[in-house]
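Reading the structure
The primary structure of each chain is shown beneath.
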Amino acid sequence: MTETVPLIELRNVTRRFGSVTALRDMSFAAHAGEVHCLLGDNGAGKSTLIKTLSGVHTPSEGQMYVDGKPVTFSSPRQALDAGIATVFQDLSMIPLMSITRNFFLGREPVKGWGPARRIDMKTADAIVYDQLGKIGINVRDPQQAVGTLSGGERQCVAIARAVYHGARVLILDEPTSALGVHQASIVLRYVAQARQRGLAVIFITHNIHHAYPIGDVFTMLNRGRSLGTFRKGDISEKEVLDMMAGGREIRELQQELERFTKPGSGAEAAAH
Amino acid sequence: MTETVPLIELRNVTRRFGSVTALRDMSFAAHAGEVHCLLGDNGAGKSTLIKTLSGVHTPSEGQMYVDGKPVTFSSPRQALDAGIATVFQDLSMIPLMSITRNFFLGREPVKGWGPARRIDMKTADAIVYDQLGKIGINVRDPQQAVGTLSGGERQCVAIARAVYHGARVLILDEPTSALGVHQASIVLRYVAQARQRGLAVIFITHNIHHAYPIGDVFTMLNRGRSLGTFRKGDISEKEVLDMMAGGREIRELQQELERFTKPGSGAEAAAH
Amino acid sequence: QVKKESDVRIVFVTHGQANDVYWSVVKNGMQAAAKQLGVKVEYQAPETFDVVRMARMIEAATASKPDGLVVSIPDMDALKAPVEAAKAAGIPVVVIDSGEEAVEPWGLDLFVGGGSEYDNGVKAGEIMAKAGVKKGICINHEVGNVSLDKRCEGYNDGLKKSGGSSDVVAATMDPTDVTRRVEGYLTAHADVTGVLTLGPTVAAPLLKMFSDAGTIGNYKIGTFDLSPEILDAVAKGTMMFGIDNQQYMMGYYPVVFLTNKAMYKTFPTSAVRTGPSFIMKDDAAAVRDLSKAGIR
Amino acid sequence: MTIVTDALNPAHPPEPKPVSRRLVRLMRRPELGAITGTVIVFLAFGITAGNSGLFSMAGIANFLQVSAQLGILAAAVALLMIGGEFDLSLGSMIGFASVTIGLCVNQFGLSIPAAVAIAFVIAVIVGALNGILVVRTRLPSFIVTLAGLFILRGLTLAITRTITGRTQIPYITDGQEGSFVVWLFGGKFGAPVFAWLAAHGVIAARPDGSAMVQGLSMSILWWVAVTAFATWLLIKTRFGNWVFAVGGDDRAARNVGVPVDRVKILLFIGTALSATLFAVIQVLEAGSADTLRGTQKEFQAIIAAVIGGCLLTGGYGSAIGAMFGALIFGTVEMGIFYTGIDTDWFQVFLGSMLLIAVLVNNYVRRKATEAR
Amino acid sequence: MTIVTDALNPAHPPEPKPVSRRLVRLMRRPELGAITGTVIVFLAFGITAGNSGLFSMAGIANFLQVSAQLGILAAAVALLMIGGEFDLSLGSMIGFASVTIGLCVNQFGLSIPAAVAIAFVIAVIVGALNGILVVRTRLPSFIVTLAGLFILRGLTLAITRTITGRTQIPYITDGQEGSFVVWLFGGKFGAPVFAWLAAHGVIAARPDGSAMVQGLSMSILWWVAVTAFATWLLIKTRFGNWVFAVGGDDRAARNVGVPVDRVKILLFIGTALSATLFAVIQVLEAGSADTLRGTQKEFQAIIAAVIGGCLLTGGYGSAIGAMFGALIFGTVEMGIFYTGIDTDWFQVFLGSMLLIAVLVNNYVRRKATEAR
Ligand SMILES: Nc1ncnc2c1ncn2[C@@H]1O[C@H](COP(=O)(O)OP(=O)(O)OP(=O)(O)O)[C@@H](O)[C@H]1O
Ligand SMILES: Nc1ncnc2c1ncn2[C@@H]1O[C@H](COP(=O)(O)OP(=O)(O)OP(=O)(O)O)[C@@H](O)[C@H]1O
Ligand SMILES: [Mg+2]
Ligand SMILES: [Mg+2]
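The name an unreviewed UniProt entry assigns to chain D is Xylose transport system permease protein XylH, from the organism Mesorhizobium plurifarium. Taken verbatim from the UniProt record of chain D, the Subcellular location (unreviewed entry) comment is "Cell membrane". For the record of chain D, the UniProt heading Function (unreviewed entry) holds the text "Part of the binding-protein-dependent transport system for D-xylose. Probably responsible for the translocation of the substrate across the membrane."

**Brief notes about the overall build of chain C**
For chain C, the count of helices and strands is 11 helices and 12 strands. Taking 19 Å as the expected radius of gyration for a compact globule of 296 residues, we find that chain C reaches 20 Å, a close match to that expectation. Along the first, second and third principal axes, the C-alpha atoms of chain C reach 65 × 40 × 30 Å. Contacts in chain C between residues far apart in sequence, at least 24 positions, make up 74% of those at least 6 positions apart. Counting every atom, chain C has about 9500 Å² of accessible surface; 51% of that belongs to carbon and sulfur.

**Considering the pattern of salt bridges**
Where side chains of opposite charge bring their charged atoms close, a pairing between them can arise. Scanning the entire structure with this criterion turns up 45 salt bridges over all chains. Here R56 of chain C makes a salt bridge to E285 of chain E, at a shortest N to O gap of 4.0 Å. Residue R56 of chain C is found in helix α2 (residues 51-63), and its partner E285 of chain E is found in helix α13 (residues 260-286); the two belong to separate chains. Look at the salt bridges and you will find they share partners, linking K27 of chain C, R161 of chain D together with D344 of chain E into a network.

**Things to note about the state of the cysteines**
All names here are of chain C. Evaluation of the coordinates by the stated rule reveals 1 disulfide over all chains. Paired through a disulfide, C138 and C152 show a sulfur-sulfur distance of 2.0 Å. Of note, the bridge from C138 to C152 carries an S-S torsion of about -70° and is left-handed in sense. Remark: C152 occurs in helix α6 (residues 146-160) and C138 occurs in strand β6 (residues 135-140); sequence separation between them is 14 residues. For the pair formed by C138 and C152, the shared burial category is buried.

**Remarks on empty space enclosed by the protein**
Summary: where empty space remains is shown by rolling a probe the size of a single water molecule over the atoms. All names here are of chain C. Following the criterion strictly, the structure yields 9 cavities of 30 Å³ or more and no others. Within this model, the second largest cavity holds a volume of roughly 220 Å³. Around the second largest cavity, the lining comprises 23 residues; the ones closest to its centre are D20, W23, H141, N145 and L148. Among the secondary structure elements, those contributing two or more residues to the lining of the second largest cavity are α1 (21-37), α6 and α8 (200-213). Tallied by class, the residues present in the lining of the second largest cavity amount to 8 nonpolar, 9 polar and 6 charged.

**Examining the interface of chain D and chain E**
Contacts between the two partners involve 38 residues from chain D, matched on the other side by 38 residues from chain E. A combined buried area of about 3600 Å² lies between chain D and chain E, and 80% of that area is made up of carbon and sulfur atoms. Together, F150, D344 and Q347 of chain D form the three largest contributors to the area buried by chain D at its contact with chain E, with a combined 17%. Where chain D packs against chain E, one counts 2 salt bridges. Where R161 of chain D meets D344 of chain E, a salt bridge forms, and the shortest distance between an N and an O atom there is 3.0 Å. Where chain D packs against chain E, one counts 2 residue pairs in polar contact (both at pLDDT 80 or more). Among the elements that take part in the side of chain D that touches chain E, helix α7 (residues 141-164) of chain D stands out by supplying 13 residues, more than any other. Class assignment for the residues of the side of chain D that touches chain E results in 25 nonpolar, 7 polar and 6 charged.

**Some points on the nonpolar core**
With 291 residues, the main nonpolar core has L69 and F210 of chain C as its most contacted residues. Element by element, the count of residues in this core is highest for helix α4 (residues 57-82) of chain E, at 17 residues. In this structure, L69 of chain C is in contact with V11, V13, I58, A61, A86, I91, P92, V93, V94 and L258 of chain C, ignoring residues within four places of it in sequence.

**Here we look at the sheet that holds strand β1 (residues 8-17) of chain B**
All names here are of chain B. Spatial ordering of the open sheet is given by β2-β1-β4-β5, a layout of 4 strands whose pairing is antiparallel. The outermost strands of the open sheet, each flanked by one partner alone, are β2 (20-30) and β5 (69-71). Adjacent strand axes in the sheet meet at a mean angle of 30°, parallel and antiparallel pairs treated alike. Two strands pair when backbone bridges link them, and β1 and β2 are joined in this way by 7 bridges, in the antiparallel orientation. Counterpart to F17 in the pairing with β2 is V20.

**Some remarks on the site of ligand 2**
As a matter of local geometry, ligand 2 sits amid 21 residues, with T148, S150 and G152 of chain A together with S47 and T48 of chain B nearest to it. In this structure, an oxygen atom belonging to ligand 2 sits 3.0 Å away from a side-chain N or O atom of N42 of chain B. With the chains in place, 86% of the 630 Å² that ligand 2 exposes on its own is no longer accessible. Those elements that provide at least two residues to the shell around ligand 2 are α5 (151-165) of chain A together with α1 (46-53) of chain B. Of the residues that constitute the shell around ligand 2, the class distribution is 4 nonpolar, 11 polar and 6 charged.

Procedures and definitions
- Throughout, residues of each chain are indexed from 1 in the direction in which the sequence is written.
- Numbering of ligands from 1 and lettering of chains from A proceed in the order in which they are written.
- A pLDDT threshold of at least 70 governs which residues receive local features in this predicted model, and a stricter bar of 80 or more applies before side-chain atom pairs are shown or counted, although totals over entire chains, interfaces and linings include all residues.
- To obtain the side-chain values, all non-hydrogen atoms of the structure were included, while hydrogens and water were left out.
- UniProt positions are given in the numbering used here, feature names are shortened, and annotations may be inferred rather than shown by experiment.
- Helix and strand assignments come from DSSP, with helices taken as H or I runs of at least 4 residues and strands as E runs of at least 2, each series counted from the N terminus.
- The atom set for the radius of gyration is the C-alpha atoms, and the globule formula is 2.2 Å times the number of residues raised to the power 0.38.
- In what follows, residue pairs with any heavy atoms lying within 4.5 Å of each other are defined as contacts.
- For accessible areas, the Shrake-Rupley method is used with a probe of radius 1.4 Å. Any residue's cover is judged against the shown protein chains and nothing else.
- Put simply, a salt bridge is a Lys or Arg side-chain nitrogen that is within 4 Å of an Asp or Glu carboxyl oxygen.
- Cysteine sulfur pairs qualify as disulfides if the two atoms are within 2.5 Å.
- Accessibility here uses a 1.4 Å probe with only protein chains present; expressed as a share of the type maximum, an area under 20% marks a residue as buried, one over 50% as exposed, and anything in between as partly exposed.
- Definitions used throughout: a 1 Å grid over protein atoms alone; a cavity as a set of points that fits a 1.4 Å probe which cannot get out; a pocket as an open set with protein on both sides within 12 Å along at least five of seven lines; a lining residue as one with an atom within 4 Å of a point.
- Grid points are joined across faces, edges and corners, and a volume is the space filled by probe spheres set on the points.
- We call Asp, Glu, Lys and Arg charged. Ala, Val, Leu, Ile, Met, Phe, Trp, Tyr, Cys and Pro are nonpolar, and the rest, Gly among them, are polar.
- By buried area we mean how much accessible surface two parts lose on assembly, using a 1.4 Å probe and totalling the loss over both.
- Here a polar contact is recorded for every N or O atom pair within 3.5 Å, except that within protein the pair must consist of a potential hydrogen donor and a potential acceptor, and residues adjacent in sequence are included only if both atoms are side-chain atoms.
- Buried Ala, Val, Leu, Ile, Met, Phe, Trp, Tyr and Cys residues that are joined via side-chain atoms within 4.5 Å together make up what is termed a nonpolar core.
- A pair of strands is considered paired only if DSSP assigns at least 2 bridges between the two.
- Lines fitted to C-alpha atoms define the axes, with helix axes restricted to the stretch in contact, and inter-axis angles between N-to-C directions lie between 0 and 180 degrees.
- Residue proximity to a molecule or strand is established when one non-hydrogen atom of the residue lies within 4 Å of it.

Written out as structure tokens, the structure reads:
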């Protein structure tokens, strides 16, 4: 599968913000029909990586390729036009606008011709109602402002939007972080469906129980550098968890966490 | 333990936003030295509940008690003054201000007297450096703007702030959602320490692996109503997970999730 | 000969905006003289009526050491210090338009101008009173501008002499605002028969409004300052008069005098009177073309 | 996978929209407050200036004309403000366009239609320049267009004085009063209706029997047309969706692929065009141009838009609201001249009425949003 | 639990701050751009108007005085803008305070110190009213203070005309030129120094041998004092921290316990006080008051604050920046005079200089922030 040309690829990309280097000599590739999990501590550079892929940032050095051809996205619109849909960590929602208007922002369905061309609000409302229903959110009114939704509901809207508009690459930055168990599993099912349809999915999460079941390939970031890419066959859940904890002595930590469960153990834990 | 007067309590509280009822006849109590987990689907009303506790919203109906005495907080400042520190889901950080200034906002350490009274910035910087180091974040410069931090780093600052300023009640709304394994376990340890010091901790999370080890009491919310409160002794991890998924047929879902791990199973999962 | 023409530099600092019709003519006079004599002139004025800013401009002018300073003095208190400082720095100071009272006590060099704003207002009131106006309105497009306020004050006093009175209608320079406000005011005050405007910018749209409404015959209308439209209206008799201070001369003469002072140390000894002159029906046509050229 | 079938069922139709839902949506519209404010203003004047002529045909024609001219600007400004920007050069643009037309006709001997066309072309250029400067430099539009305010006003003055030696251009429409373009922008409509009404004694007549009010200013039609167009644009089109998004959060809008820069530039062109339309109407109505035309209109337009429910921070508002905002402003401005209050108190009155209108507006909107 | 001991070690000291860290912090300050802008403006005038008197002692005293008066306002406005609000009633407040002093002295026969005290008391009341209205109604301050602009200016006019029948109040300081209060606000300082310099031929002298410039306006000292106070407030005090927070995100600030309303009300009192200080200085310098004093100062102060690096959206800026903003504005405004440019072109020039100053400012700031 890796012999195929990657749908989207970064080669030796560096990205700096002033004196901060958020990505350093990073190479990364995502293939069609694969779920590629990005792992790493807070501040490792995961969001910066996917923002580079989706045209928000341009690489300070290095080159990006789509279908093996070098590209430079100067705006997220170009990435969208190339079929790359992203759920950003900060969601990119306009709080004062309605759910429907947010959902279709930039890709509004229109009807009519010439100067009478207008948004087909009825169709749009129906689609939104439908798509949000699928993800387990029952909105009272698709014309409700996004700002009045709860954190998780908002995240669901963002995911549903990306899934609906995603053509070839679907990028999800911590999509399940604010979601309940029910919604989170629906999102995982979406990811599986997208892979099935031949999309390349890039997936960031801190939850091993979300990452391991769904991931095909795992790339580990640390302080802006790649620590390597592994296929699922070559690596166990425990190893992935080790990687997610940044190589620190995770087992001891887990033990300690387990101690919390024993009543009265708080004394020991808090002694430090 | 439940015979003691709760540190903070809501009795039959209802909270409406226009025609939306986010909380309905809700009763809730948190005791000193206990970790009280709030569970529930997205949009269940968890954030509304803790915003009521921390003085952001006032109840539309019902009464709140602190130390058994009825209180009405008309602003978050009053809650803070009563020793109730909160990490809100949207963090309440000012992006343009420095980490230190955000950390101490509203509780600035001062030195000097009378008109020469000023913020003790040196002490403040040192404390921030220290507290963030403890939570595993190594900031280059405490005078850096919060807006340039990654999502997880920002969350760590918010948590460190609440822990530092928290006096009697510590409320955490999905504090671990954006955190890596390493930082998340540090936060759990903080929670354990706070319990040990006799604080009442109210903790919202969607991650059973964070909730179960640390929680002493679990309250389940559904569509703004309480489905009941359970002590850890009376309930297993599996039962808690059932509750978190809102009583839906969680086992099947888990099976399905497991099917994702088998290579090639995507076909079945996506068939629906 | 002490100085070459091209070295002579004369600075005007007035309270009238460059956009103002009246001061635009002053400026034209100034430029004409400068061109003829081959000297350098500069014209400065605040963008809105602001005597404090004017004071700073006079100071700046002093600092740039011109060969002559030409100022208008709408507020003697506020301008006393800077004008006296200019004089003390050895710069000859000519006063134009307003501030004749200041010339002698402050030891300034000359006054060039017409009657005071107040006197012109009084005269306008008297003329209208003679034509039978009992109740008039004075349309002030910049209430608080002292020189405009004085015109209205004079108008009221002029009418008072024969038992009449006037109100001030606050307006702006915007033609729609002016016409609609006056229309509203006149609807509510049917006894008004005299209308005095303080500039052609305001007068022209009003004339059009009265003609459109067919009520132009009901009012005696007069204005300060001239424009071709005003003169045509005066000639046609739809308007009573336009007040002309011959302000072109206020720009022209000071340049001539100060240049001569700088070059030959010659200077007139008594004030130069340029007005007021009330342009009535008979003389209107004669000055129309001059007005069109920005001279009257 | 029967777990969540109910939620996953794609055939699940949207809830039907009952009448109450429509009502709720209506209540949430930004213009609701402004409409209430308008009603209150009319009531207030009905009591204080009821039979002074404010509500006679002549009075109505009077305040409608003032409101209409402001309203043309306010509609475009509302769009721009929803898009998160300001245009302080609006007033100077009016002066610039007025003088352009005046010079073209009087000095260069062009026909009025040609002069008007040139003015509109220049407006597109100026608007685009404003917009490009704002999006390229990422400077606040407040400051960029403030520079524009000075530069345009200065150019207007300098050019006019250089060419004509004066600051006023008279007799622009002389001898062309009958031309179609002059009528279209500066004429009156409804003359036959008024004549008929006067003849039948329904409205006041002049001594000669013709109607006191010979027709309504064409600017009123333009006002309605511009507002309708802006409303349609905002609510019905993709562009309108983008305007809300750009003003609500331009980074988020960019992230989902909205061409933020293009939208902003177009909005600036829109305000420049509205300023020019205003100028054309005033020039052809008054027959003259002046370098000071339009002074402070930029603020009046912003006030009207804000009274009409636009947020200064962008992302929220409506063109219909701006229409009512302009109506409130125009009515209050004219109303005082009918009440007979000493005009020294004009500004106190204007300020108080404004405050009251906005307070009512705000109160109503808040109540309506809560009760959705 | 040795897992994370390194991070948990509480004895871990903050990194030492090397010189480069301090430099980096300096580079990130909001005023950096304004300082660069100032340098460029001075260079530009050095070239175009070098020996025309702009940089003579008299010229310097002149533009410093203009800058100083604006700067007093700009410092308070910068604070208010950082706190996320505007005060458009500032200019009207100046007129109101001027006339208050004038009436108290001339009509009610009070002493000048008493009149000044009364003006300051009234300022506190007006400022508090503005602030309370804004925080209570949650209306944008733009619109509330705009109403204030009309009402205050209208009251100034109506009261003055009712009491005196005129719009100007002359002879306020007559016979009191020597009093301490008159000197404190309206006097000059440094006279002996200038006399000495003139006597020794260092600076220009009048024909009578006394110095051309007899001293610098006291307003310059006030400017420095107000700016220093505002800077200290912003950077060093709790209140300053709250101001940034309130402007950055007032909901978040409220959530962490900042008394948002109190902060905003105090800021409005601050701008009203600065307007009154401005009025006192102008009245005691000029000796007269009129009802139009302070017109448009609100915008000039906002411009100065924005040139000085304040964000219009709040939460960012500095008082020192505003000081340089005022200096740029004052220098450009007076400097044009010395270049001999025809006043017809004045506004074109002013607008262009503004734009260039802000562009440079912005460019420098962006580079500096990137390179931290
Ligand atoms: N615009 C920016 N300016 C300055 N520094 C930035 C900027 N964006 C990101 N950084 C820095 O780059 C580093 C990587 O940030 P990034 O958001 O990519 O981390 P992340 O891996 O997504 O972390 P998290 O899991 O916490 O979301 C962080 O240290 C952050 O402070
Ligand atoms: N200010 C508001 N105006 C209107 N509706 C609101 C408001 N705040 C919350 N709601 C509604 O109340 C309900 C409960 O919201 P809340 O934020 O408490 O949920 P939550 O349990 O915290 O969910 P999540 O896990 O997704 O954060 C949601 O349906 C939300 O849309
Ligand atoms: Mg991230
Ligand atoms: Mg929540």
